[in-house]
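# Structure assessment
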Amino acid sequence: MQAKTSDRLLGLFLILLGVLFFVSIIPWQAQAADYGWLKPRTLPRILAVVLGLCGLALLIRPPGDARPGRFYWARAMLFAGVLVLGLAAMSWLGFVLVAPPMALLLMWLAHERRPLWLLLGAAGMPAAIWFTVAVLLDRPLP
Amino acid sequence: MPELSVILAGFGDALAPINLLFILFGVALGQFVGAVPGIGPVMATAIAIPFTFGMDPLTGIAFLVGVNKGGLVGGAIPAVLLNTPGTPDAAATALDGYPLAKQGKPLKATKMALFSSITGDTFSDIVLITVSAPMAILALRMGPVEVLGLMLLAFAVIAGLMGQSLVKGVVAIALGLMAAMVGTDPEHGSPRLIFGNYELYDGLPLASVAIGMLAISELLKRLSETRGTVRPAITLPRNQPRADRSVSWAEYWGCRFTMLRGAVIGTILGALPGIGSTAAAFMSYASARQASKEPESFGKGSLHGIAASESANSSVMGANMIPMLTLGIPGSVSAALIISAFMIHGIQPGPFLFSQQGQLVYGLFGAMIIANLINLWVGQLGLRFWVRVVSAPEPFIFASALLMCFVGVALASGGLFGIGVMLVFALLAYVMSAFGISVVVFIIAFFLGPRLEISLSQTLALLNGQPQKLLDYPFALVLMALALVTAVALARRRDTESETR
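What counts and what doesn't
Residues numbered from 1 in each chain as written. Chains lettered and ligands numbered in written order. Predicted model: local features only at pLDDT ≥ 70, side-chain atom pairs only at ≥ 80, totals over all residues. UniProt positions renumbered as here; feature names shortened; annotations may be inferred. Helix = DSSP H or I, 4+ residues; strand = E, 2+ residues; numbered from the N terminus. Contact = placed C-beta atoms within 7 Å. Nonpolar A, V, L, I, M, F, W, Y, C, P; charged D, E, K, R; others polar. Expected span 1.5 Å × (residues − 1). Bend = angle between axes of the 7 residues up to and from the residue. Buried ≥ 20, exposed ≤ 12 C-beta atoms within 10 Å, placed from the backbone. Domains from an automatic or database assignment.

## Quick look at the UniProt feature "transmembrane region" (unreviewed entry) in chain A
According to UniProt, the "transmembrane region" (unreviewed entry) feature falls on residues 42–60, 72–96 and 116–137 of chain A. This span, residues 42–60 of chain A, is 100% helix and 0% strand, and a straight line between its end C-alpha atoms measures 27 Å.

## Section: the interface of chain A and chain B
On the side of chain B, 55 residues touch chain A, which itself brings 54 residues to the contact. Among the elements that line the side of chain A that touches chain B, the one with the most residues is helix α3 (residues 73–93) of chain A, at nine residues. A class-by-class count of the residues in the side of chain A that touches chain B yields 42 nonpolar, seven polar and five charged.

## Quick notes on helix α14 (residues 303–327) of chain B
Residue and element names in this part refer to chain B. Compared with the 36 Å implied by 1.5 Å per residue over 25 residues, the 37 Å span of α14 between its first and last C-alpha is a close match. Most pronounced at Met317, the bend in α14 amounts to some 30 degrees. Of all the 25 residues making up α14, 25 are buried; the element is thus mostly covered by neighbouring parts of the structure. Looking one or two places after α14, you find Gly328, whose phi comes out positive at around 80 degrees.

## Section: the environment of Leu59(A)
All names here are of chain A. Checked against the element boundaries, Leu59 lands in helix α2 (residues 42–60). Among the residues examined, Leu59 registers 16 C-beta atoms within 10 Å and is labelled partly exposed. Along the primary structure Leu59 and Gly121 are separated by 62 residues, whereas in three dimensions their C-alpha atoms are 46 Å apart. The contact partners of Leu59, leaving out residues within four places of it in the chain, are Arg8, Gly11 and Leu12.

## Structural notes on the domain arrangement of chain A
Domain parsing of chain A yields domain 1 (2–70) and domain 2 (73–136). Just the C-alpha atoms count here: the centres of domain 1 of chain A and domain 2 of chain A sit 37 Å apart.

## Considering α2(A)
Relative to the 27 Å expected for 19 residues at 1.5 Å per residue, α2(A) spans 27 Å between its end C-alpha atoms, a close match to the ideal helical length. Buried residues of α2(A): Thr42(A), Leu43(A), Pro44(A), Leu47(A), Ala48(A), Leu51(A), Gly52(A), Cys54(A), Gly55(A), Ala57(A) and Leu58(A), and no others. Where α2(A) is buried, its residues touch α1 (2–29) of chain A together with α8 (166–180) and α20 (439–463) of chain B.

Below, the structure is given as structure tokens:
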């Protein structure tokens, strides 16, 4: 029952997404052309219609295989947040300074408390990556 | 067909010391990461692709092939020892491998998995080497209309077989194609869906999308599931008799028909896009059990059970390369990743590959055979070491993998923008997985999208507004009809299955 409700919600979202693409995003983000067989808007618009129709199909006849309740959304978003913060910090400070605290935080949040493994992950691995990429391959780190 | 001198030169290239070294490194890395539950060869290949930048094309691709092949062997180790397959296709191996390990014979079980994996893999490589060049000649006779028919057929097969439901398979295709629309329109050259980001003129970076959706989303899922429990370390029994820790020639030879059957099943399924090695492993296991004189021994530590599963799932890898090299259609995620490596090195897979890069293709074939031999050697030497890898803490492995993804994507896409794209697609894949929409179908559609649009555009130009001209392309019509029949058949099968449920 819950899985079917999730599928119906997904169907509703896909209908809205299809409409949004068809009515707003594609006219805004793809140029109109009056020549050629396959215009820039043609295929995206067909796909928007397909998405909408699939949404309708899910709304009417949900297969019931959606399992969003089995995912740990809050924790996943917490880890995703760390990655986004790490990316933002890297644009200011660079990989070498950001990678150790980022790895440490990720491991800590994943319940690793043993000092040796924390040290290996926060210092050993970033150092190994730096050595491989910057020294051996002579490529710039982000 | 390439000349004999080109073929020999290609095989000679594979024997260059630098290539041998990187194949060895790739195989060892693949076995190592394959042994870690949750990482697997697909993720390892995705992470490794950007690191092949500085290498020659053959060295880089041979390295990735080594990672893939090594990963297939490594994936069986946690399946046998922990009943936790390192890769989904090793799940069938656990059915008999784990009971055998519980009987105090973990090394015997892992060695049987190793030998049957290499046997199946070598069989499919030989089929690949002998079949792909003639197939490429056939493929060369195909024009845009036939290519369009082929694309439609590939999409029909992939959507039906990879998704939990057909509608969700179509959703995955539509989303993947929509992502492929980002960038410059091929017919008019105008920017499309770039939202003012000029970095997107060439489309979304393939490495960012693939690594984000395959590696980062899976890592997020695994990290979110951590609950602070320490997994048990593996203890290997000491002073075992030789018969309990090794596989004798008689035992190996006794499984020859099981392995051959598995290799044939894996090769046939692997040559069809989208079916994958997990289905091959279970199909082979089921048929081995049916054919066995002692079916009751299956599930209780039968060597035949391990041989059936491992020979089938490993033979898929070589066969996956048949549609990839001859038609440019990836048969699996691993093949899609290897295609992206080809493209990073400026090589377009497809029928022209044999005529334009014959030496490279035969170099790759040589590298595949060498990788099998090295896989056997490294496996024999390293099994005792790899079994300890499964006890490495997940937080350390996952945090390290995330750092490598960041660096790998930055190298592949030229900076932090690519990492941002990677994170966006990781979140999309996480949501898609939760709602049962296949991420694999999305990626394959994303990869094939630009080719579909170009072939559709060329077909429309050729037909010039006269649909009856399609009759001039009978082979294309056959392919389109096959696509339609496949889609209808799959839809009916889904209906029957859902009614049964």
